[in-house]
There are 2 protein chains.
Amino acid sequence: MATRTEFRTRTRELADRLDGMDASATALELGRMSRADRAVSFRSLPKTRAIEVFEALDPSMQADLVGGLRSEQVAEIIEDLDPDDRAELFDELPAGLVNTLLSGLSPQERALTDTLLGYPHDSAGRRMSPEVASISERATVGEAVADVRRQAATAETIYTIPVLGAGRTVVGVVSLRDLFSSADPRTPVRELMSAPAFVRATDDQEAAARTVRAGGYVAVPVVDDEQRLLGILTVDDAMRILDEEEAEDDALSGGSSLLGQPYLAVGPLRLFRKRIVWLLVLIGAAALTVGVQTYFEDTLAEVVALALFIPLLVGTGGNAGAQAGTTLVRALAVGEVRTGDLVRVVGREAVAGALEGLTLAVVAFVPAMLLTDVGIATVVSVTILGICTLATTIGAAVPIVAKAVGIDPALVCSPFITTIVDTSGLIIYFLVARAVLGL
Amino acid sequence: MATRTEFRTRTRELADRLDGMDASATALELGRMSRADRAVSFRSLPKTRAIEVFEALDPSMQADLVGGLRSEQVAEIIEDLDPDDRAELFDELPAGLVNTLLSGLSPQERALTDTLLGYPHDSAGRRMSPEVASISERATVGEAVADVRRQAATAETIYTIPVLGAGRTVVGVVSLRDLFSSADPRTPVRELMSAPAFVRATDDQEAAARTVRAGGYVAVPVVDDEQRLLGILTVDDAMRILDEEEAEDDALSGGSSLLGQPYLAVGPLRLFRKRIVWLLVLIGAAALTVGVQTYFEDTLAEVVALALFIPLLVGTGGNAGAQAGTTLVRALAVGEVRTGDLVRVVGREAVAGALEGLTLAVVAFVPAMLLTDVGIATVVSVTILGICTLATTIGAAVPIVAKAVGIDPALVCSPFITTIVDTSGLIIYFLVARAVLGL
């Protein structure tokens, strides 16, 4: 953009592109632009829209933009963010900048933010909103309604309202719907309230989010160890947390680290850095397959035709193992399977794998025989049966064992399982070959 | 359970196990039991709890239980379900049973259910709740509040309220929060309302669910082609839909069909049936790898040591391709990448793949040389570079091309990509071997 005219034209082009989009569509579009375009486009947004759009961006994109804005504009936006969104953004920024921004906040907002930043990473306390409306357990419906009205302007949500007893302890929750529908304003709130589901500020964020989702709650109070009210975790927050965890699991199960940014904002070098570690680990593990074949080198030299089927065999084992693995990772994540179910799971997976192996062995026999001879076809078929049974068993067992020793099952990704299966599969192949062909 | 005493003991055991659990935990536990135990446990639940638990179950589990309950108990439960949950359940039941159950409903509930069943499968109309509270655009806040109170008992939600103009067309939405916080009851509702995001009843359910989620809405009105109000889709419904879609994608990307039931409720035969089709397709595709090696059989016979590295090479290619594939499937699903970005994506993935290949080639060279000789090590390293570059490019391009021709990217699962990569990788390997070793 060498000249001023070109710059203005570009600015107008980008502004036109964003014209008429709502905040989330604009945020998505900004994620697709180059860094320079993104900064130009954002600066051209009218103020109220800019704040909305900013709130809709990933924290990584927010951090990226903050560097390119005037400090008054930054201060304004940061001040307007909800405390939990602000805490998330601060996690992405360098410590020096965070301190500058903190000092630029109003005292009230600064206190709220300090509270949140005091909780450990990935805890419910970091993600909650401290701006929570609450009512006393001794109030009547009429008093509660007036009280909530007063707090409505600043509260994160008024649809679920914690009811407090002595010392700000949470004794129940009441829904706005129930308050609203109640005919008689003199009804004690205690009659409408239900037992609270709550989470502790120190709870892991994913566990807290699942509590919100599983119970179908609009929001859940967040308490300290004495059950005193600290904040509230909304279903919005819960969904954001679970989306992030899902993105991380997706990345891990495919064998790479989470990108953490919109895909098109990530250059090839960063893609490389996110993936190379796993690739190195896996190629190291694959060295085992070389070792196995070296050990059986004589067998291979005698019957070179055995080599023809190696990719097919390891591929099939990998596929069968991946099927079982992904099924179990999901079943563990949603709580359908627990670590104590290991024997039960392995039993059914072994049977399923044997059925798969039998089917594939029968299907493969005749073509293999036509290509080579009966002996090799027999070796291939028997190996397929063995590999499939082994692969489904290992593929299902590994996530469960991982969870039992405290490793995230999704971390033990399909490529890892397939490497174990590949090596075992080759051993089976050559042992069967020696036995059947008398080598 | 041969004797009456054993039956009573078992019933008591199961009832104890479920004691003190909330509805969703009970539903999870029922999913882990055998069919017989599940029926016994459910029948032992007190009536109100039974209805809650029933609503928390997957439709497949609901259908499973319905067969084992007395018809009065079934009729009671079915009558109490929300219309959208009922429609989902009916989808799982045989047509004859559905007709029987429909005729057992009260006329009002039957009409609501008929409405929903009239919409196509997987459409927003099937999943919406027709029980929607609404207010007129000419109402004041005071009138609206009274109106909503009247409708509150039967409405699915009162937190988002569609505002209707002439002919029941949706002209805006107002939140209960805004109605509630409004100081002056004479304020026209039109001043508080915001432009409606809405979905059509004929829209695909996943697209509708994403609209709800992306906008952070509590609920979204569902309209017909003339924008007349038909029902409402809540964030609960949206999350259920997206969870189902995610489960389906997870299964597909691992290479098997969706289980559709809690894992432990599925026997080995059913696991086998869900997976065998893909395994057969993939082993058929793997026959290509056999073909490639047969074509190059002479090369292989001359330098048998080439076979040692085949599993490692195809494994590495598969891993690199899977990394790119899972990244792109996700980026496409959340809208960060569109089909028009193919060239952009392929460009950056090719560079990333080349960097990966270069790194792995360097790492592999010396060990390969020590094991065999310089010539073969050169062949292996050059092939790794080629395979990685090819694998990431194919792995990233295939989901985009799939989406462009209307196939669900998640369907083109990692095993499929790895099979393409395996075959191309072998071709590269042997061609490089011939060139470098002068064969």
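Residues numbered from 1 in each chain as written. Chains lettered and ligands numbered in written order. Predicted model: local features only at pLDDT ≥ 70, side-chain atom pairs only at ≥ 80, totals over all residues. Heavy atoms only, no water.

1. Regarding the overall build of chain A
Within chain A, the regular secondary structure consists of 21 helices and 6 strands. Radius of gyration (C-alpha) of chain A: 29 Å, far over the 22 Å computed for a compact globule of 439 residues. Overall size of chain A, expressed as C-alpha extent along the three principal axes, is 90 × 70 × 35 Å. Looking at chain A as a whole, 53% of its 439 residues qualify as buried. Nonlocal contacts in chain A, meaning residues at least 24 apart in sequence, comprise 66% of its contacts between residues at least 6 apart. A total accessible area of about 18000 Å² is found for chain A, and carbon and sulfur atoms account for 57% of it. (Helix = DSSP H or I, 4+ residues; strand = E, 2+ residues; numbered from the N terminus. Rg over C-alpha atoms; globule rule 2.2 N^0.38 Å. Buried < 20%, exposed > 50% of the residue type's maximum accessible area, 1.4 Å probe, protein only. Contact = heavy atoms within 4.5 Å. Areas by Shrake-Rupley, 256 points an atom, 1.4 Å probe, with all protein chains shown as cover.)

2. What to know about the UniProt feature "transmembrane region" (unreviewed entry) in chain A
Residue and element names in this part refer to chain A. Feature annotation in UniProt assigns "transmembrane region" (unreviewed entry) to the following positions: residues 276–296, 308–329, 350–370, 376–398 and 410–432. Between the C-alpha atoms that bound residues 276–296 there is a distance of 31 Å. The span itself is 95% helix and 0% strand. In residues 308–329, helix accounts for 91% and strand for 0%; the two terminal C-alpha atoms are 33 Å from one another. (UniProt positions renumbered as here; feature names shortened; annotations may be inferred.)

3. Some thoughts on the packing of helix α7 (residues 83–92) of chain A against helix α9 (residues 107–117) of chain A
The description of two packed helices rests on the angle between their axes and on the distance between the axes. Residue and element names in this part refer to chain A. Between α7 and α9, the least distance of the axes is 9 Å, while the angle of their chain directions is 60°. The angle between α7 and α9 places the two elements in the oblique class. The two elements α7 and α9 cross, and the hand of that crossing is right-handed. Listed contacts from α9 to Pro83, Asp84, Arg86, Ala87 and Phe90 of α7 are Glu109, Leu112, Thr113, Leu116 and Leu117. Partitioned by chemical class, the residues of the contact of α7 with α9 number 6 nonpolar, 1 polar and 3 charged. (Axes fitted to C-alpha atoms, helices over the stretch in contact; angles between N-to-C directions. Parallel < 35°, antiparallel > 145°, perpendicular 65-115°, else oblique. Left-handed = near helix turned anticlockwise from the far one by under 90°. Nonpolar A, V, L, I, M, F, W, Y, C, P; charged D, E, K, R; others polar.)

4. Quick look at the pattern of salt bridges
Across all of its chains, the model carries 46 salt bridges over all chains by this definition. Between A:Arg190 and A:Glu137 there is a salt bridge, with the nearest N and O atoms lying 3.7 Å from each other. Here A:Arg190 is found in helix α13 (residues 189–192), whereas its partner A:Glu137 is found in the loop between β1 (135–136) and α11 (141–151), with 53 residues between them in sequence. Salt-bridge contacts for B:Glu244 lead to B:Arg127; the nearest nitrogen and oxygen are separated by 3.0 Å. (Salt bridge = Lys/Arg side-chain N within 4 Å of Asp/Glu carboxyl O.)

5. Side note on the domain arrangement of chain A
As assigned here, chain A comprises domain 1 (4–122), domain 2 (135–236) and domain 3 (267–437). Put simply, the middle of domain 1 of chain A and the middle of domain 2 of chain A, counted by C-alpha atoms, are 31 Å apart. (Domains from an automatic or database assignment.)

6. Considerations on the relation of the copies chain A and chain B
Screw-axis analysis of chain A against chain B gives a translation of 0.0 Å along the axis, an RMSD of 0.1 Å, and a rotation angle of 180°. Both chain copies can therefore be described as sitting about a two-fold axis. Of the residues that chain A buries at the interface, 100% are likewise interface residues in chain B, meaning the two copies contact each other through the same surface. (Least-squares fit on C-alpha atoms with pLDDT ≥ 70 in both.)

7. Things to note about helix α1 (residues 4–18) of chain A
Within an α-helix, residues lying three or four positions from one another point in the same direction, as the helix has 3.6 residues per turn. If you check α1(A), its first and last C-alpha atoms are 21 Å apart, about what 15 residues at 1.5 Å a residue would give, namely 21 Å. At the C-terminal side of α1(A), A:Gly20 shows a positive phi close to 85°. (Expected span 1.5 Å × (residues − 1).)

8. Considerations on the interface of chain A and chain B
On the side of chain B, 101 residues touch chain A, which itself brings 101 residues to the contact. Broken down residue by residue, the surface that chain A buries against chain B is led by A:Arg177, A:Phe180 and A:Tyr263, which jointly contribute 10%. The residue B:Asp243 makes a salt bridge to A:Arg213 at a minimum N-O spacing of 2.5 Å. (Buried area = accessible area lost by both parts, 1.4 Å probe.)

9. Here we look at the nonpolar core
Judged by nonpolar contacts, the single largest core of 82 residues is most densely connected at A:Phe309, A:Ile384, B:Phe309 and B:Ile384. Counting residues in each nonpolar core, the second largest holds 36 residues, with B:Met128, B:Ala208, B:Met239 and B:Ile241 among its members. (Core = buried A, V, L, I, M, F, W, Y, C linked by side-chain atoms within 4.5 Å.)

10. Here we look at the UniProt feature "domain: CBS" (unreviewed entry) in chain A
With numbering matched to this structure, UniProt assigns "domain: CBS" (unreviewed entry) to residues 128–189 and 192–248 of chain A. Counting secondary structure, residues 192–248 of chain A comes out at 44% helix and 23% strand; the distance between its end C-alpha atoms is 40 Å.

11. Here we look at the sheet that holds strand β5 (residues 219–223) of chain B
All names here are of chain B. Spatially, the 3 strands line up as an open sheet ordered β4-β5-β6, and their pairing is mixed. If you trace the sheet from one side to the other, it starts and ends with β4 (199–200) and β6 (229–234), each paired once. By the bridge criterion, 5 bridges tie β5 to β6 in an arrangement that is antiparallel. Residue valine 222 lies in a different strand from β6, and its bridge partner there is glycine 231. Docked against the sheet, helix α14 (residues 205–214) engages β4, β5 and β6, running at close to 65° with respect to β6. (Pairing = 2+ DSSP bridges.)

12. Focus: the side chain of B:Thr392
Secondary-structure assignment places B:Thr392 in helix α20 (residues 374–404). With a relative accessible area of 0%, B:Thr392 lands in the buried category. Among the polar contacts made by the side chain of B:Thr392, one reaches the main-chain carbonyl oxygen of B:Glu349 at a distance of 3.0 Å. B:Thr392 has contacts with A:Arg275, B:Ala320, B:Ala324, B:Glu349, B:Gly353 and B:Glu356, leaving out every residue within four places of it along the chain. (Polar contact = N/O pair within 3.5 Å; in protein donor to acceptor, adjacent residues only side chain to side chain.)

13. Considerations on the packing of aromatic side chains
The full count for this structure, using the stated rule, is 9 aromatic pairs over all chains. Centre to centre, the rings of A:Tyr295 and A:Phe296 are 5.0 Å apart; their planes meet at 85°, and the pair counts as edge-to-face. The class of A:Phe296 is buried, set by a relative accessible area of 4%. An aromatic cluster is present here, built from A:Tyr295, A:Phe296, A:Tyr429 and A:Phe430 joined pairwise through their rings. Positioned above the aromatic ring of B:Phe180 is the side chain of A:Arg149, whose terminal nitrogen or guanidinium carbon lies 5.0 Å from the ring centre. (Phe/Tyr/Trp six-rings, centres within 6.5 Å; stacked < 30°, edge-to-face > 60°. Lys NZ or Arg CZ within 6 Å of the ring centre and 35° of its normal.)

14. Observations concerning helix α9 (residues 107–117) of chain B
All names here are of chain B. Taken as a whole, α9 has its buried residues at Glu109, Leu112, Thr113 and Leu116. For α9, the angular spread of buried residues about the axis comes to 95°, placing them on one side. If you follow the buried residues of α9, they end up packed against α6 (71–80), α7 (83–92), α8 (95–103) and α10 (124–127). (Arc of directions from axis to C-beta.)

15. Comments concerning the sheet that holds strand β3 (residues 170–175) of chain B
All names here are of chain B. The 3 strands are arranged β1-β2-β3 in an open sheet whose pairing can be described as mixed. The sheet is open, and its two borders are formed by β1 (135–136) and β3, each paired with just one other strand. Of the pairings in the sheet, the one linking strand β2 (residues 160–164) to β3 comprises 5 bridges and is antiparallel in character. Looking at the pairing, valine 163 lines up with glycine 172 of β3.

16. As for the pairing of strand β6 (residues 229–234) of chain A
In terms of burial, β6(A) is a largely internal element, 5 of the 6 residues being buried. Remark: 5 residues form the turn of the hairpin made by strand β5 (residues 219–223) of chain A and β6(A), two consecutive strands paired antiparallel; A:Gln227 in that turn has positive phi of roughly 65°.

17. Details of a negative patch on the surface
Together, A:Asp22, A:Glu52, A:Glu55 and A:Asp80 line one region of the surface with negative charge. Along the chain, the position of A:Asp80 falls in helix α6 (residues 71–80). (Patch = residues over 30% accessible without salt bridge, like charges linked within 9 Å, V, L, I, M, F, W, Y side chains within 5 Å. Lys, Arg positive; Asp, Glu negative; His and termini not counted. Charge placed at Lys NZ, Arg CZ, Asp CG, Glu CD.)

18. Overview of the pairing of β5(A)
Residues and elements named next belong to chain A. Of all 5 residues in β5, 5 are buried; the element is thus mostly enclosed. The alternating pattern of β5 places Ala219, Pro221 and Val223 on one face and Val220 and Val222 on the opposite face, and all of these are buried. With 2 bridges connecting them, strand β4 (residues 199–200) and β5 associate as parallel partners. From the neighbouring strand, valine 199 faces β5, where its bridge partner is valine 222.

19. Overview of the environment of A:Arg200
Residues and elements named next belong to chain A. For arginine 200, the position within the fold is in strand β4. For the pair formed by arginine 200 and glutamine 227, sequence separation is 27 residues and the distance between their alpha carbons is 7.9 Å. Residues within four places of arginine 200 in sequence aside, it is in contact with Ala124, Val222, Val223, Asp224 and Asp225.

20. Here we look at the side chain of A:Thr316
Within the element layout of this structure, A:Thr316 appears in helix α18 (residues 310–333). Among the polar contacts listed, one links the side chain of A:Thr316 to the backbone oxygen of A:Leu312, at a separation of 2.8 Å. Once residues lying within four places of it in the same chain are set aside, the contact partners of A:Thr316 are A:Leu360, A:Cys388, B:Leu279 and B:Ile283.

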